[in-house]
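# An overview of the molecular structure
Residues per chain are reported as follows:
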Amino acid sequence: MSYVIKPLTESGFTKSSLRKLSFDCGNAADEQELAIYFKRYALTNDQSGCAKTFVAITDDLQVLGYYTLSASLIDLPELFRKEAKLPDYPSPVVLIGKLAVCKSCQGKGIGQALMRDAFLRILETAKNIGVCGIRIDPSNQIKQGYYIQKCGFIPFDETLSVYLPIETVREALR
Ligand SMILES: CC(C)(COP(=O)(O)OP(=O)(O)OC[C@H]1O[C@@H](n2cnc3c(N)ncnc32)[C@H](O)[C@@H]1OP(=O)(O)O)[C@@H](O)C(=O)NCCC(=O)NCCS
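Note that this is a predicted model, so its numbers are computed, not measured.

With that settled, the discussion passes to the overall build of the protein. Counting secondary structure elements, the protein contains six helices and seven strands. Secondary structure elements of the protein, listed N to C terminal, follow the sequence β-α-α-β-β-α-β-α-β-α-β-β-α. Taking 16 Å as the expected radius of gyration for a compact globule of 174 residues, we find that the protein reaches 16 Å, a close match to that expectation. Seen through its principal axes, the protein has C-alpha atoms that stretch 50 × 35 × 30 Å. Taking the contacts inside the protein whose residues are at least 6 apart along the sequence as the reference set, 63% of them involve residues at least 24 apart.

Neighbouring the ligand are 22 residues; Gln 106, Gly 111, Gln 112, Gly 145 and Tyr 146 lie closest to it. The leading source of residues in the shell around the ligand is helix H5 (residues 141-151), at six residues. In terms of residue class, the shell around the ligand is built from nine nonpolar, nine polar and four charged.

This paragraph deals with the pairing of strand E5 (residues 133-136). The alternating pattern of E5 places Gly 133 and Arg 135 and Ile 134 and Ile 136 on opposite faces, both of which are buried. As paired strands, strand E4 (residues 91-101) and E5 are joined by two bridges and run parallel to one another. Across the sheet, the residue bridging to Val 94 is Ile 134, located in E5. As for the winding sense of the linkage, the β-α-β connection from E4 through helix H4 (residues 110-125) to E5 is right-handed. Where E5 meets strand E7 (residues 162-165), four bridges bridge the pair, whose relative direction is antiparallel. Across the sheet, residue Arg 135 finds its bridge partner in E7, namely Tyr 163.

Turning to unusual backbone geometry, a few remarks are in order. With a phi angle near 60 degrees, Leu 61 is a residue other than glycine that sits in the positive phi range. Turning to its location among the elements, Leu 61 is positioned in the loop between strand E2 (52-57) and strand E3 (63-74). Judged by the 12 C-beta atoms lying within 10 Å of it, Leu 61 is exposed. Of note, the phi angle at Lys 85 is positive, near 55 degrees, even though the residue is not glycine. Summarising the element assignment, Lys 85 is placed in the loop between helix H3 (78-83) and E4.

Quick notes on the rules
- Residue numbers run consecutively from 1 along every chain, following the written order of its sequence.
- Two thresholds apply to this predicted model, a pLDDT of at least 70 for residue-level local features and 80 or more for giving and counting side-chain atom pairs, whereas whole-chain, interface and lining totals are computed over all residues.
- Strands are runs of DSSP state E lasting at least two residues, helices are runs of H or I lasting at least four, and both sets are numbered from the N terminus onward.
- Values of the radius of gyration come from C-alpha atoms, whereas the globule rule sets the reference at 2.2 Å times the count of residues to the power 0.38.
- Contact definition: two residues whose C-beta atoms, as placed from backbone geometry, lie within 7 Å.
- As used in this record, a residue near a molecule or strand is one whose C-beta atom, placed from the backbone, is within 6 Å of it.
- Residues are grouped as follows: Ala, Val, Leu, Ile, Met, Phe, Trp, Tyr, Cys and Pro are nonpolar; Asp, Glu, Lys and Arg are charged; every other residue, Gly included, is polar.
- Working definition of burial: number of other C-beta atoms within 10 Å of the residue's own, with buried at 20 or more, exposed at 12 or fewer, and partly exposed in between, all C-beta atoms being placed from the backbone.
- If DSSP finds at least two bridges between two strands, the strands pair.
- Classification remark: right-handed applies to a crossover when, strands pointing away from the viewer, the course from the first strand over the helix to the second runs clockwise.

Take a look at the structure:
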């Protein structure tokens, strides 16, 4: 399947065309929320600067998946901070707030391609703004498993949140 990954704002969609779009990433409540977010709120939040959205899209404007990036903070436990030589207060990270692939395209590597695209963009950002890693706040343990097993993220406290140091991101793309 041929597709490109680009900013939502460069995809040609308007708020009204996004609302009419068919995008289904699963039946669970949190999966439905990911589809609703994309169709109703992604463009507004992109324009306001809350979260930038990037889409995997075909030539005929079929959306295969999307992810969002926002600035965030992480309060890592002392052990992690010491290891990464981070100061004794919350550190700047990029939050991958959403990641979803349409149901009919799951399991074909699009999730991994979206993550790689996110890593590249985050590394570019980290050239100009302090970014010590990536944070994701998965909605359940199964989703947390995807980030840990497939993407190398690390759980760092008693929540479901996971973290990837920027140096690991850099190495992953070398
Ligand atoms: C999770 C999701 C983004 C993955 O995208 P995808 O395109 O289906 O995944 P890929 O094809 O890139 O990767 C598939 C691989 O991940 C593995 N995988 C998928 N879900 C997994 C999980 N929860 N835990 C561990 N591994 C998982 C598959 O077994 C497969 O492994 P393989 O490459 O060794 O065969 C997608 O399934 C999705 O959108 N799900 C619904 C929404 C969602 O859960 N979003 C995520 C986070 S909140």
